[in-house]
Amino acid sequence: MILKQAFEVLSPMLKMRYENVLRRSLCVSGGLLNDLHSLYLEYAVRDVYMPRPILTFFGYHYDKDDVSFECVDEIGDIILIAQLVRDIAAIHDDIIDEDVLKFGKPPLSVLLSAPVFDERAYQEKRLTKRGKDLAILYGDYLYGVLGQLILSASRLHGSAIVESLGELVADVFRVTNQGQIYELLMDGRLIEHIVAFEILELYRAKAAHYCYAFPFEIGLITAGASSAIRIKSKLLLLDIGVASQIVDDIAGAFPDLLDQGKDTKGELQQLRRTILTVLFAKTEEGKAFLLTIADRFSLSDQEIRMLKETMIKSACIEEAISQAQDVLGNYEERIKQIGLGMSAQRYLMDLIQVRIRDNLGQIERNIQLL
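Predicted model, so just to flag it, every value in this text is computed and none were measured.

1. Focus on the pattern of salt bridges
Consideration 1: With the rule as written, the count across this model stands at 26 salt bridges.
Consideration 2: Here D87 makes a salt bridge to R86, at a shortest N to O gap of 2.7 Å.
Consideration 3: Look at D87 and you get buried, because its relative accessible area is 0%.
Consideration 4: The residue K287 makes a salt bridge to E284 at a minimum N-O spacing of 3.7 Å. With K287 and E284 both in helix 14 (residues 284–293), this residue pair falls three residues apart, about one helical turn.
Consideration 5: By sharing partners, the salt bridges in this structure join R17, R24, D73 and D77 into a single network.

Below you can see the structure in the form of structure tokens.
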């Protein structure tokens, strides 16, 4: 399995490269920011498999039937752009969702809610206004680091590539933030009036672009791939991203069904508009539950437990799984028709199998045990 090989060989190299680039970029500020930098650096390298840079790697080698994982230096630090975009988006997303756990540890916003910014911050379990404010500003601070990273690519790939990458980065932030804004506005609508298609389109904007389509396109642009290959790849990877977001929804709301070190209790507490809550609202169990909470915007811990129990009984999780499978469709044939070499084809096949199909299968099996 090429994905397993990439994670075993490429991921450690990319993680080390990313940490070194961040240390060089952050050390110039010094002073009071040092403690914040330390907490961020730990947060940044929790994503040990570095799937976004790996997507960029295979996008760059899109036409190869066989590729060596030792070829990282050929693309240079461009390979890290999507990871830094991920950090910026994730820091803001953690605040919006009020997450208290990310990859098994408190996210940056919770760490910065601690009275002191050292090892004791990892005992923090609450999110304060100060922590949110610091995390928002720190995430914005990273835009400058990202700009420097993009500009540095001109030495290796020339100004034309840098210009194209700059346009791509601007577009991914525009689309992602538009999706995030739309998600918040959707919270003002009655949940029973929202249809699943709207949520899937929301996922396409707020997550699928920056997590999947964007990293792969960075590699394609840098390698000079045709517009036809870029368009076909983007459409497929956006669908992979939508299905992946459905997996994340289930894992975050039900860690017992799929343990991925995530806990999005805040989404359930505020009854955010996710594929799970929207599908739940269409069921008889969901309609009855919504009547019990009336128009309140925040649920108690006891009500969250009741919500999760009722969701499982309603079969909305099984329906969400079906939605993910429908989005992917006949993905094997779609991958073959893009015009990629065998290495990229095999990686995308493995990605869908491991990230989506295997996880959905585990969720289905665990539901049967409840």
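Moving on from the model shown.
2. Quick look at the confidence of the model for the chain
Consideration 1: Here the chain averages 92 in pLDDT, while 96% of its residues score no lower than 70.
Consideration 2: Mean pLDDT in the chain bottoms out at strand 2 (residues 262–263), which sits at 62, and peaks at helix 3 (residues 51–60), which reaches 97.

3. Examining helix 11 (residues 227–253)
Consideration 1: With 27 residues, helix 11 ought to run about 39 Å at 1.5 Å a step, and its terminal C-alpha atoms sit 39 Å apart, in line with that.
Consideration 2: Most of helix 11 sits inside the fold, with 20 of its 27 residues counted as buried.

4. Quick look at the side chain of H61
Consideration 1: Its location among the elements puts H61 in the loop between helix 3 and helix 4 (72–75).
Consideration 2: The class for H61 is buried, based on a relative accessible area of 3%.
Consideration 3: Residue contacts for H61: discarding those within four places in its chain leaves V67, C71 and E74.

5. Thoughts on the packing of aromatic side chains
Consideration 1: On inspection of all chains with the given rule, the structure shows nine aromatic pairs.
Consideration 2: Measuring from ring centre to ring centre gives 5.5 Å for Y138 and Y141, while their planes differ by 40°; the resulting arrangement is tilted. One end of the pair is Y138 and the other is Y141, both in helix 7 (residues 129–152) and three residues apart, which spans about a single turn.
Consideration 3: For Y138, a relative accessible area of 2% gives the class buried.

6. A word on the side chain of T222
Consideration 1: Checked against the element boundaries, T222 lands in helix 10 (residues 196–223).
Consideration 2: Among the polar contacts listed, one links the side chain of T222 to the backbone oxygen of I218, at a separation of 2.8 Å.
Consideration 3: Residues in contact with T222, not counting those within four places in the same chain, are Y60, I75, I78, H157, I161 and L165.

7. A word on the packing of helix 11 against helix 16 (residues 316–328)
Consideration 1: Two numbers describe how helix 11 lies on helix 16: the axes approach to 8 Å, and their chain directions differ by 165°. Classified by the angle their axes make, helix 11 and helix 16 are roughly antiparallel. Here helix 11 runs over helix 16; the crossing is left-handed. Residues D239, I240, V242, A243, I246 and I250 of helix 11 touch helix 16, and the partners they reach there are I317, A320, I321, Q323, A324, V327 and L328.
Consideration 2: Among the residues making up the contact of helix 11 with helix 16, the classes are represented as eleven nonpolar, one polar and one charged.

Conventions and cut-offs
- Residues numbered from 1 in each chain as written.
- Predicted model: local features only at pLDDT ≥ 70, side-chain atom pairs only at ≥ 80, totals over all residues.
- Heavy atoms only, no water.
- Salt bridge = Lys/Arg side-chain N within 4 Å of Asp/Glu carboxyl O.
- Buried < 20%, exposed > 50% of the residue type's maximum accessible area, 1.4 Å probe, protein only.
- Helix = DSSP H or I, 4+ residues; strand = E, 2+ residues; numbered from the N terminus.
- pLDDT = per-residue confidence, 0-100.
- Expected span 1.5 Å × (residues − 1).
- Contact = heavy atoms within 4.5 Å.
- Phe/Tyr/Trp six-rings, centres within 6.5 Å; stacked < 30°, edge-to-face > 60°.
- Polar contact = N/O pair within 3.5 Å; in protein donor to acceptor, adjacent residues only side chain to side chain.
- Axes fitted to C-alpha atoms, helices over the stretch in contact; angles between N-to-C directions.
- Parallel < 35°, antiparallel > 145°, perpendicular 65-115°, else oblique.
- Left-handed = near helix turned anticlockwise from the far one by under 90°.
- Nonpolar A, V, L, I, M, F, W, Y, C, P; charged D, E, K, R; others polar.

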